[in-house]
Amino acid sequence: MTNAAGLDRSGQDVTAFLQDGTYAEAVYTYIDADVTGVDNDGNKSGDIAESYDFFRYGVKTDLNDKFSVGVLYDEPFGAAASYTGDNNFTGVANVTGAGAIQTVAKTSAEKTQNKINALQGQLDSTQDPIASLIYQTGINALEQAAVGFDSLEESPSIEAYNNLIQATQQSIATSEQTIQTLANLGVLTGDNLAEAQALLESNKGDLAQSEAARDAIQDLLNIDESTNVEVRSNTLSLIGGMKFGPENQFQVYGGPVAQRLQADVKLRGNAYKGAAGYTAHSAPNQDYGWLAGVSYSKPEIALKAALTYRSEIDHSIDMYEDFPALAIQGQSRTGVSNFEVTTPKSVNFDFQTGVNPTTLATAKIRWVPWSDFSISPTKYTQASELPLVDYSDDQWQVELGLGKRIAPKFAVSGSIGWDSGAGDPTTSLGPIEGYYSVGLGAKYDVTENWAVSAGGKYLWFGDAEGALPDRSIVSNFEDNDGFILGAKLSYQAK
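Here is a short report on the structure shown in this document.

Further remarks concern unusual backbone geometry. Both trends apply: most residues other than glycine have a negative phi, and most peptide bonds are in trans. Cis geometry is adopted by the peptide bond preceding P425, which originates at D424 and carries an omega value of 5 degrees. Its location among the elements puts P425 in the loop between strand 18 (410–419) and strand 19 (426–427). The phi dihedral of A302 is positive, around 55 degrees, even though this residue is not glycine. Turning to its location among the elements, A302 is positioned in the loop between strand 9 (285–298) and strand 10 (303–310). In this structure, R471 is a non-glycine residue whose phi angle is positive, near 75 degrees. Checked against the element boundaries, R471 lands in the loop between strand 22 (464–467) and strand 23 (473–477).

Set out below in structure tokens:
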């Protein structure tokens, strides 16, 4: 889970760079959400939101009255979710397994009938009594197999599948022994012997495919875990700024951004249909982007305004995937491949102004185009023709605050906030639709340069339906909430 739309976590704050003089801060944030819902069968999901924490660091200094440099570290994007309990997102995907058996049985029955039709045509056209015997024997064996596949389709189970395979193995063994005996007696020779052996080898090939599909389904049914996702990111921004204007009230700033991204995903349970049992693990990848902004300040009324743009960052990620459904279809289920993920661009507007000598009003607005974002691992996308994760809407986030100094060294603050979310229905791996928030904080000046701050926010999450990439609804989440706690140590020398 995230505490905002899409995978947004930190908000990518740059206000540390906009402080006067030499400034440094270390910020710790802890987020705990209570996100519960039900699957389509009414089973409770458990609290899927795992608590998580992250750090943010910043340091900047003015080289002179015109130029400034700084470094910012944060963890901008992430997710942490895990289903618990007995529901369609946990445990053995028995419904999916039964459906796979039905699909295999239906396909095998159709293939067997085609072979029967072909042999019947050969039987009708031959005048050779030995050949007729071969074709009729083959038809009889295939008709028996077709009946078995029809029965398996009607009553799919791994036990019935095993019984059918054992019966087929015995039938093939009997046929092979009969062919060998007739060949030794000189009854089967030449073309007739070759025809009988070809038919036998064809049936052996079909049996091998059935055994491989059975083994793959059994592997799927052996997976007894819970759906889980974790995404982590780390960003380091190097910023340089130049002030201008009659009183250096304007500043342009920008610089390169290095970003590291890693993800782990497990899809479990019947909710994910053919994707049940899918596992993905990405190697950490680091790529680069940039940021740029402009700010205005008027110190006599404590006014600061800044507009910051962060670019998209294209990641080329090596990901290991395990997709059990591919093995059922006779394809390779595991592999490492490379695919592209582009973390979204963003725009932040930060504003503050003094209301009176002891009161400060603040406003923050953030926009992130999550509708342009998707995660499309190679095997998953090739098999489903859909991305693993995507969003339908862009994110808007607004926060308004008011700070009051109530003693020379002590100040308090309050805030209200709103996050639009990134669409509803949304991914089953993060089923909330934005939030409303209220926050309180306090700051104490330990010395002239050092200060400590602490605060918290309470979040009311928007109701959302969880959906698969094909937009089918698999869950419903309502009346959820969470809280954020934070602490900051800062140093400033003007």
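Note: strand 2 (residues 37–39) against strand 23, 3 bridges, orientation antiparallel. If you follow V38 over to strand 23, its bridge partner there is N476. Both strand 22 and strand 23 contribute to a ladder of 4 bridges, which runs antiparallel. Within strand 23, the residue paired with E465 across the bridge is N476.

So, on to the packing of helix 2 (residues 129–154) against helix 4 (residues 190–221). In the contact formed by helix 2 and helix 4, the axes pass within 9 Å of each other and the chain directions differ by 10 degrees. Of the possible angle classes, the one that applies to helix 2 and helix 4 is roughly parallel. Both helix 2 and helix 4 take part in a crossing whose hand is right-handed. Between helix 2, through I130, A131, I134, Y135, G138, L142 and F149, and helix 4, the contact on the second element is made entirely by N192, E195, A196, L199, N203 and S210. Taken together, the residues of the contact of helix 2 with helix 4 sort by class into 8 nonpolar, 4 polar and 1 charged.

As for its placement among the helices and strands, G430 is situated in the loop between strand 19 and strand 20 (435–445). G430 gets classed as buried once you look at its relative accessible area, which sits at 17%. Sequence separation between G430 and V229 is 201 residues, and the spatial gap between their C-alpha atoms is 9.3 Å.

Ordered in space as 2-23-22-19, the 4 strands form an open sheet in which the pairing is mixed. Looking at strand neighbours, the two that pair on one side only are strand 2 and strand 19, the edges of this open sheet.

With that settled, consider the environment of Y458. Counting through the fold element by element, Y458 comes out in strand 21 (residues 450–461). In sequence terms Y458 and I484 are 26 residues apart; their C-alpha atoms lie 6.6 Å from each other. Once residues within four sequence positions are removed from consideration, Y458 is found in contact with Y436, S437, V438, D481, G482 and F483. Within the local environment of Y458, its side chain forms a polar contact with the side chain of D481, the two groups lying 2.5 Å apart.

If you look at the biggest cluster of nonpolar residues, it comprises 51 residues, and the most contacted ones within it are L7, V35, L267, Y272, Y278 and W370. Membership of the second largest hydrophobic core comes to 26 residues, among which are F149, L152, A213 and A216.

Mapped onto the elements, L221 comes out in helix 4. Between the C-alpha atoms of L221 and N94, which are 127 residues apart in sequence, the distance is 6.4 Å. In this structure, L221 is in contact with V92, A93, N94, G97 and I158, ignoring residues within four places of it in sequence.

Under the counting rule described, the total for this entry stands at 21 salt bridges. With a closest N to O distance of 3.0 Å, D13 and K364 form a salt bridge. In this pair, D13 sits in the segment before strand 1 (22–34) while K364 sits in strand 14 (residues 359–368), placing the two residues 351 residues apart along the sequence. When salt bridges that share partners are traced, they join D13, D350 and K364 into one network.

Applying the stated criterion across every chain, the model contains 5 cavities of 30 Å³ or more. Here the largest cavity is characterised by a volume of approximately 380 Å³. As for the largest cavity, its lining consists of 35 residues, of which L7, V231, I375, V389 and Y391 are closest to the centre. Mapped onto the lining of the largest cavity, the elements with two or more residues apiece are strand 6 (228–244), strand 7 (250–266), strand 11 (313–322), strand 12 (334–343) and strand 19. Looking at which element gives the most residues to the lining of the largest cavity, the answer is strand 7, with 4 residues. Taken together, the residues that form the lining of the largest cavity break down as 25 nonpolar, 10 polar and no charged. Roughly 140 Å³ of internal volume is contained in the second largest cavity.

Analysis parameters
- Residues numbered from 1 in each chain as written.
- Predicted model: local features only at pLDDT ≥ 70, side-chain atom pairs only at ≥ 80, totals over all residues.
- Heavy atoms only, no water.
- Helix = DSSP H or I, 4+ residues; strand = E, 2+ residues; numbered from the N terminus.
- Pairing = 2+ DSSP bridges.
- Axes fitted to C-alpha atoms, helices over the stretch in contact; angles between N-to-C directions.
- Parallel < 35°, antiparallel > 145°, perpendicular 65-115°, else oblique.
- Left-handed = near helix turned anticlockwise from the far one by under 90°.
- Contact = heavy atoms within 4.5 Å.
- Nonpolar A, V, L, I, M, F, W, Y, C, P; charged D, E, K, R; others polar.
- Buried < 20%, exposed > 50% of the residue type's maximum accessible area, 1.4 Å probe, protein only.
- Polar contact = N/O pair within 3.5 Å; in protein donor to acceptor, adjacent residues only side chain to side chain.
- Core = buried A, V, L, I, M, F, W, Y, C linked by side-chain atoms within 4.5 Å.
- Salt bridge = Lys/Arg side-chain N within 4 Å of Asp/Glu carboxyl O.
- 1 Å grid on protein atoms, 1.4 Å probe; cavity = no way out; pocket = protein on both sides within 12 Å on 5 of 7 lines; lining within 4 Å.
- Points joined across faces, edges and corners; volume = space filled by probe spheres on them.

Fair warning: the whole summary comes from geometry, so function is off the table for now.
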